[in-house]
Amino acid sequence: MRSWGTVWALALACLGAAGCSVPVVAGLDESDASQVVVALEQSGVASEKARDPDKEGAYRVTVARDDAGAALAVLAEQGLPPPASPGVLEALGKGSMVPSRVAEHARVIAGTSDELERSLRGLDGVLSARVHLGVPGRDPLDLDEKPPAATASVLLRHRGATPPLTAAEVQRLVAGAVPGLSPEQVSVVMLPAAPRPRPPDRQLARLGPLTVTHASLFALRGIIGVAAVLNAALLACVVGLWLRLRRAEHELRSVRGEDDAAPHRASAKPAQLVR
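Let's talk about the nonpolar core
Next up, step 1: Counting 19 residues, the largest nonpolar core has Leu133, Val154, Leu156, Val174 and Leu181 as the members making the most contacts within it.
Next up, step 2: Mapped by element, the contributors of at least two residues to this core are helix H5 (101-121), strand E4 (126-134), strand E5 (151-159) and helix H6 (167-177).
Next up, step 3: Broken down by element, this core gets its largest block of residues, four residues, from E4.
Next up, step 4: Apart from the residues lying within four places of it in its own chain, the contact partners of leucine 156 are Leu120, Val126, Ser128, Ala129, Leu165, Val170, Val189, Met190 and Leu191.

Rendered as structure tokens:
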């Protein structure tokens, strides 16, 4: 019994270690969560996107406990998840009850920048986006002064050598969101994210129909080995019980046969005495 208890304890420990996962990011929208999953998978870290139980409509990304450190390093290197962009409505909702004209103008510009950043990050292949708008305010009481021309600058970090959109497309997108801004006044800088070399222990390996990393290969083999041992032990128990049942049935039939033959032997003895 002690040996069987040790086997079961080892099996439960292996299964518990394999199924233990921890969240690395939470409270994300589906697009940002998908970007995190793609970045982790490309770096050899297996991850899973699921609904966040602590925030309605949000998602979280979980990894194995042993991969949490590697996952956090990948996310820090690639600047994921992107910072939250409140948007125009959220920006206008902040501040004092009676904001000044300058404060109102600044919040509108900040909200517009956040909206543009959110739109650019929603494109497939864009890792991060920063939009800086230089839109000077105009004093309505000064009719003679002509305000300076509006300008903008955009910094994009994208995955791969080819950006997902051209600089002219970015200029048109930004200029269309800001009144008085011409596409020629929008400066665009696109930087490709350097591919992160996959560590040797994160190289993928195949074990039958399964594809895992080299770091998880040993644990998976151990789990499969323990499962095979348990299955063999259960099969041996079933076969042993079946043999014992057949033996018991045979003994029961033998006993019943002897009990049935006993009256016949008893009735045959008087007949022999009469002769």
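With respect to the pattern of salt bridges
Next up, step 1: Counted according to the given criterion, the structure contains three salt bridges.
Next up, step 2: Between arginine 107 and glutamate 104 there is a salt bridge whose closest N-O contact spans 3.2 Å. Of this pair, arginine 107 and glutamate 104 both sit in helix H5, three residues apart, roughly one helical turn.
Next up, step 3: Its relative accessible area of 14% is what places arginine 107 among the buried residues.
Next up, step 4: Salt-bridge contacts for glutamate 117 lead to arginine 130; the nearest nitrogen and oxygen are separated by 3.6 Å. Note that glutamate 117 is positioned in helix H5 and arginine 130 in strand E4, a separation of 13 residues in sequence.
Next up, step 5: Looking at glutamate 117, the relative accessible area reads 8%, which means it is buried.
Next up, step 6: When its relative accessible area of 44% is taken as the criterion, arginine 130 is described as partly exposed.

Digging into the packing of H5 against H6
Next up, step 1: Where H5 contacts H6, the two axes come as close as 10 Å, and the packing angle between them is 145°. The element H5 and its partner H6 pack so that their crossing is right-handed. For the pair formed by H5 and H6, the contact residues are Thr112, Leu116 and Leu120 on the first element and Leu173, Val174 and Ala177 on the second.
Next up, step 2: Along the lines of polarity and charge, the residues of the contact of H5 with H6 split into five nonpolar, one polar and no charged.

Calculation criteria
Residues numbered from 1 in each chain as written. Predicted model: local features only at pLDDT ≥ 70, side-chain atom pairs only at ≥ 80, totals over all residues. Heavy atoms only, no water. Core = buried A, V, L, I, M, F, W, Y, C linked by side-chain atoms within 4.5 Å. Buried < 20%, exposed > 50% of the residue type's maximum accessible area, 1.4 Å probe, protein only. Helix = DSSP H or I, 4+ residues; strand = E, 2+ residues; numbered from the N terminus. Contact = heavy atoms within 4.5 Å. Salt bridge = Lys/Arg side-chain N within 4 Å of Asp/Glu carboxyl O. Axes fitted to C-alpha atoms, helices over the stretch in contact; angles between N-to-C directions. Left-handed = near helix turned anticlockwise from the far one by under 90°. Nonpolar A, V, L, I, M, F, W, Y, C, P; charged D, E, K, R; others polar.

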